[in-house]
Amino acid sequence: MYRLLSAGERITPPVSWMLAAALAILRATAALAALPTRVAARRSVAQTLSAETA
């Protein structure tokens, strides 16, 4: 994909940039995955256990 989108001369980004991008993606994924958990944790345990499943 990188080869298709780069026109003419190909310049590879520095390894530090690639590593920083990978870490940023991992952090964003972890943060977005934690959001539903944080929202669900606002309900009390008793309320969750007594809720009927449909």
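Preceding block: the structure.
Cut-offs and rules
Residues numbered from 1 in each chain as written. Predicted model: local features only at pLDDT ≥ 70, side-chain atom pairs only at ≥ 80, totals over all residues. Heavy atoms only, no water. Helix = DSSP H or I, 4+ residues; strand = E, 2+ residues; numbered from the N terminus. Expected span 1.5 Å × (residues − 1). Bend = angle between axes of the 7 residues up to and from the residue. Buried < 20%, exposed > 50% of the residue type's maximum accessible area, 1.4 Å probe, protein only. Patch = residues over 30% accessible without salt bridge, like charges linked within 9 Å, V, L, I, M, F, W, Y side chains within 5 Å. Areas by Shrake-Rupley, 256 points an atom, 1.4 Å probe, with all protein chains shown as cover. Salt bridge = Lys/Arg side-chain N within 4 Å of Asp/Glu carboxyl O.

A. Seen up close, helix α2 (residues 15–40). Along its 26 residues, α2 runs 39 Å from first to last C-alpha, staying within 8% of the 38 Å computed at 1.5 Å per residue. Ala 34 marks the point of greatest bend in α2, at about 25 degrees, and the proline Pro 36 comes within the next four residues. Judged by how many residues are buried, α2 sits mostly at the surface: zero of 26 residues are covered.

B. Summary view of a nonpolar patch on the surface. Judged by side-chain polarity, Met 1, Leu 4 and Leu 5 come together as a nonpolar surface patch covering roughly 460 Å² of accessible area. With respect to the helices and strands, Leu 4 occurs in helix α1 (residues 2–5). Residue Leu 4 is classed as exposed on the basis of its relative accessible area, which comes to 77%.

Without other data, these values stay purely geometric and don't point to any function.
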